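# Structure at a glance
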Amino acid sequence: VVMAGSTDQFKIWYRTDTPAEAAASNIAAVAENVYNSLTGLFKKFPLSDALQACNGGDGAIDIYVNRMGKDAALTLAYPPACDATPAWTWISPNKILDPKDARDVFTHEFMHIVDFAYTKGAACKDYEWLSEAAGHWAIDYVYPDDQFEHEMAFYYYQSEFDEPIEVSENVYKKLNGYSDYVFLFYLSRKMGPATIKSIFEHAQIENSLDSLEKATSAAGGLKKVW
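Notes on the structure follow. Because the structure is a prediction, the values reported are computed rather than measured.

Here is what the cut-offs are and how they apply
- Residues numbered from 1 in each chain as written.
- Predicted model: local features only at pLDDT ≥ 70, side-chain atom pairs only at ≥ 80, totals over all residues.
- Heavy atoms only, no water.
- Helix = DSSP H or I, 4+ residues; strand = E, 2+ residues; numbered from the N terminus.
- Rg over C-alpha atoms; globule rule 2.2 N^0.38 Å.
- Phe/Tyr/Trp six-rings, centres within 6.5 Å; stacked < 30°, edge-to-face > 60°.
- Lys NZ or Arg CZ within 6 Å of the ring centre and 35° of its normal.
- Pairing = 2+ DSSP bridges.
- Axes fitted to C-alpha atoms, helices over the stretch in contact; angles between N-to-C directions.
- Contact = heavy atoms within 4.5 Å.
- Parallel < 35°, antiparallel > 145°, perpendicular 65-115°, else oblique.
- Left-handed = near helix turned anticlockwise from the far one by under 90°.
- Nonpolar A, V, L, I, M, F, W, Y, C, P; charged D, E, K, R; others polar.
- Disulfide = S-S within 2.5 Å.
- Buried < 20%, exposed > 50% of the residue type's maximum accessible area, 1.4 Å probe, protein only.
- Salt bridge = Lys/Arg side-chain N within 4 Å of Asp/Glu carboxyl O.

### Observations concerning the overall build of the protein
When its secondary structure is counted, the protein shows eight helices and five strands. Reading the secondary structure of the protein in the N-to-C direction produces β-β-α-β-β-β-α-α-α-α-α-α-α. Whereas a compact globule of 226 residues would reach a radius of gyration of roughly 17 Å, the protein reaches 17 Å, a difference of no more than 12%. Along the longest, intermediate and shortest principal axes, the C-alpha atoms of the protein span 55 × 35 × 30 Å.

### Brief notes about the packing of aromatic side chains
Inspection of the entire model under this criterion finds 16 aromatic pairs. Geometrically, the ring pair formed by Phe154 and Tyr155 is edge-to-face, given 5.1 Å between the ring centres and 85° between the ring planes. Between Tyr156 and Tyr157, the ring centres sit 5.2 Å apart and the planes meet at 85°, which makes this aromatic pair edge-to-face. One aromatic cluster in this structure is built from Phe10, Tyr35, Phe45, Phe106 and Phe110. Note that Lys44 overlies the ring of Tyr118, its terminal NZ or CZ placed 5.0 Å from the centroid. The ring of Tyr127 carries the charged tip of Lys120 above its face, separated from the ring centre by 5.8 Å.

### Structural notes on the sheet that holds strand E2 (residues 10-15)
Pairing is mixed across the open sheet formed by five strands, whose spatial order is E1-E2-E3-E5-E4. Unpaired on one side and paired on the other, strand E1 (2-6) and strand E4 (73-77) mark the two borders of the sheet. Direction aside, the axes of adjacent strands within the sheet are offset by 20° on average. Sitting on the sheet, helix H1 (residues 20-42) is in contact with E2, strand E3 (61-65) and strand E5 (87-91), with an inclination near 170° to E2. Strands in contact with helix H2 (residues 99-117) are E2, E3, E4 and E5; relative to E4, the strand with the most contacts, it is inclined by about 10°.

### Considerations on the packing of helix H6 (residues 194-202) against helix H7 (residues 208-215)
It is the contact of H6 with H7, at a shortest axis distance of 8 Å, that shows an interaxial angle of 135°. Here H7 runs oblique to H6, going by the angle between their axes. In the crossing of H6 with H7, the sense of the turn from one axis to the other is right-handed. Of the residues in H7, those in contact with Thr195, Ser198, Ile199 and His202 of H6 are Ser211, Leu212, Lys214 and Ala215. Its residues assigned to classes, the contact of H6 with H7 shows three nonpolar, four polar and one charged.

### Section: the state of the cysteines
Counted by the stated rule, this structure contains one disulfide. Cys82 shares a disulfide with Cys124; S-S distance 2.0 Å. The sign of the 75° torsion about the S-S bond sets the Cys82-Cys124 disulfide as right-handed. Of this pair, Cys82 sits in the loop between E4 and E5 while Cys124 sits in the loop between H2 and helix H3 (128-142), and the two are 42 residues apart along the sequence.

### A word on the environment of Gly121
Note that Gly121 resides in the loop between H2 and H3. With 94 residues separating them along the chain, Gly121 and Ala215 place their C-alpha atoms 15 Å apart. Once you skip the residues sitting within four places of it in the chain, Gly121 turns out to touch Tyr127, Ala203, Gln204, Ile205 and Glu206.

### Here's the deal with helix H5 (residues 181-191)
Residues Tyr181, Val182, Phe183, Leu184, Leu187 and Ser188 constitute the buried set of H5. Its buried side turned inward, H5 meets H3, helix H4 (153-158), H6, H7 and helix H8 (222-225).

### Considerations on the pattern of salt bridges
One pass over the structure, following the stated rule, counts eight salt bridges. Between Asp146 and Arg103 there is a salt bridge, with the nearest N and O atoms lying 2.7 Å from each other. In this pair, Asp146 is assigned in the loop between H3 and H4 and Arg103 in helix H2, connecting sequence segments 43 residues apart. Accessibility expressed as a relative area gives 11% for Asp146, which makes it buried. For Arg103, a relative accessible area of 23% puts it in the partly exposed group.

### Some thoughts on the packing of H1 against H3
In contact at an axis separation of 11 Å, H1 and H3 are set at 105° when each is read in the N-to-C sense. Overall, the two elements H1 and H3 adopt an arrangement that is roughly perpendicular. Together, Asn33, Val34, Ser37, Leu38, Leu41 and Phe42 of H1 and Trp137, Ala138, Tyr141 and Val142 of H3 make up the contact between the two elements.

The analysis is restricted to geometry; functional conclusions fall outside its scope.
Here is the structure:
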């Protein structure tokens, strides 16, 4: 049986068994705080799925606490769009039984929903690394004492630092940008979190690297900041 719990902005779906119900409760407890924190910074709001087929019955943001693939969680746009589109998320219950893990995983995924609301100036694939990096950066922004994001620092310092940032693929894992949060973490702490907002604003007309260049121009540009 599938049930739905609601918050102001979200409809949270889960199966009425343990541990899914407890995991869904963990998400419900933090969903509005995460929403307010990230939309407050970016001034960008998730797009309604009210006009989409299979939308959960209304325009609320749908979160499915259920494993639907090999990943721990995944946020997907309504096809065929990949930008300027509503999105939905599934999260595996066993990954969010701890309340801190739940809020950190959810923060990463909600950052993707915010990202999907933006238009993109180049092919969507060009921004995949940036999207994952921003998801892990967002954990530090919303919950700076949790340190969940730093699990990926190992991979950055093992080999990612030696790759072009947009390549984001090392010999250990195909991280697709997860470990590159380290650079966004630096930008946010050094220049302020509005720098991350600026990157996404520039990305509406620029490719991912040019977006970094424009967002860091006041500090001398990407090469100098890097």
